[in-house]
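Each chain, written out:
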Amino acid sequence: MGTSSRIQMLLILFSGLASLGFVIAVVIYDLHDIYDENHIMEHAQLALLVASAWLFARITWPDTLAHTKAMRWSMMGMAALSASFILREASTKHWGYDWLTFVTDGKGFNLIMVIVWVYLLAKLLPFWRTYWQVVVQRVKTPTALYLMASALALIAGGVFDKEIFKPELFRFYEEILEFWGYVFLLLAAMNAHRDLAPHRIHVAPDN
């Protein structure tokens, strides 16, 4: 087992233990504040997202094949996605800075997201054929499977976030699902450099 695999196994182990600790704290000791804003569960999520954004942003490959530029932009997109989640999860209202609240919780957040994602989509769309070929070839890799698991966990968490389903402790369920969504996102970032390397993918150049 390589160093990367050991680190990933440790991440999964510590995440499982952390989740067990969260459940014990809430269910047995009634420590419901741990899933409030600016408490331990939110801090854990932010740590995972910062690590994911950093790992995605630093991924690069030698310029050996036509798809390298396309995949580099896709990794920047994933870094931007992680950063978007950071802004979404960060709670700054209690700091008392109106401009910071505007950026993270107000209309400024929406404006920033529109500008960033319109720009990224303009860069990504010309390579859509490459991305489709990559998806077809690498759909069973750890990176793809972790991304799918992350999406499913975050969508499930969104059900509780939008209060579509409101059982007892629904806010806790939302936070624990988001926690695992970000764990899986970080695991995807740990594998992307290997799974999406140029020598592993054979694609036709984009016209």
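The model shown is predicted, which means the values in this text are computed figures rather than measured ones.

Bringing the overall build of the chain into the picture now. Within the chain one finds 8 helices and 0 strands. When the elements of the chain are put in sequence order from the N terminus, they spell out α-α-α-α-α-α-α-α. What you see for the chain is a C-alpha radius of gyration of 19 Å, in line with the 17 Å of a compact globule of 207 residues. Counting every position in the chain, which comprises 207 residues, the buried fraction comes to 41%. For the chain, contacts bridging at least 24 residues in sequence account for 73% of all contacts bridging at least 6. For the chain, the exposed surface amounts to about 11,900 Å²; the carbon and sulfur share of it is 70%. Here the chain contributes 16 positively and 17 negatively charged side chains, and the mean placements of these two sets differ by 15 Å.

Right, let's talk about the environment of N110 for a bit. With respect to the helices, strands and loops of the structure, N110 is situated in helix α5 (residues 107–124). Placed 102 residues apart in sequence, N110 and Q8 show a C-alpha to C-alpha distance of 34 Å.

In this section: the nonpolar core. The tendency in soluble globular proteins is for nonpolar side chains to be buried side by side. Counting residues in hydrophobic clusters, the biggest one holds 43 residues, and the most contacted among them are F56, M75 and L196. Put simply, the parts of the chain that give this core at least two residues each are α1 (3–28), α2 (40–58), α3 (68–89), α5, α6 (128–138), α7 (142–161) and α8 (170–195).

Counting through the fold element by element, T143 comes out in helix α7. Note on T143: relative accessible area 5%, which makes it buried. Not counting residues up to four positions away in its chain, the partners in contact with T143 are A188, N191, A192 and D195.

On the surface, a cluster of negative charge is contributed by D33, D36, E37 and D105. The topology assignment puts E37 in the loop between α1 and α2.

With that settled, consider the packing of aromatic side chains. This model, assessed by the stated rule, comprises 10 aromatic pairs. A centroid spacing of 5.7 Å and a plane angle of 50° characterise the contact between Y35 and F172, whose relative ring orientation is tilted. Taken together, the positions of Y35 in the loop between α1 and α2 and F172 in helix α8 put the pair 137 residues apart, joining distant regions of the chain. Here Y35 and F172 have matching classes, each one buried. Arranged with centres 6.1 Å apart and planes meeting at 70°, the rings of W73 and Y119 form a pair that is edge-to-face. One end of the pair, W73, is in helix α3; the other, Y119, is in helix α5, with 46 residues separating them in the sequence.

Here α1 spans 37 Å end to end across 26 residues, near enough to the 38 Å set by a 1.5 Å rise per residue. For α1, the complete set of buried residues consists of Q8, L11, S15, S19, F22, A25 and V26. Buried residues along α1 sit in contact with α2, α7 and α8. Positive backbone phi, approximately 55°, marks D30, located one or two places after α1.

What counts, and where the lines are drawn
Residues numbered from 1 in each chain as written. Predicted model: local features only at pLDDT ≥ 70, side-chain atom pairs only at ≥ 80, totals over all residues. Heavy atoms only, no water. Helix = DSSP H or I, 4+ residues; strand = E, 2+ residues; numbered from the N terminus. Rg over C-alpha atoms; globule rule 2.2 N^0.38 Å. Buried < 20%, exposed > 50% of the residue type's maximum accessible area, 1.4 Å probe, protein only. Contact = heavy atoms within 4.5 Å. Areas by Shrake-Rupley, 256 points an atom, 1.4 Å probe, with all protein chains shown as cover. Lys, Arg positive; Asp, Glu negative; His and termini not counted. Charge placed at Lys NZ, Arg CZ, Asp CG, Glu CD. Core = buried A, V, L, I, M, F, W, Y, C linked by side-chain atoms within 4.5 Å. Patch = residues over 30% accessible without salt bridge, like charges linked within 9 Å, V, L, I, M, F, W, Y side chains within 5 Å. Salt bridge = Lys/Arg side-chain N within 4 Å of Asp/Glu carboxyl O. Phe/Tyr/Trp six-rings, centres within 6.5 Å; stacked < 30°, edge-to-face > 60°. Expected span 1.5 Å × (residues − 1).

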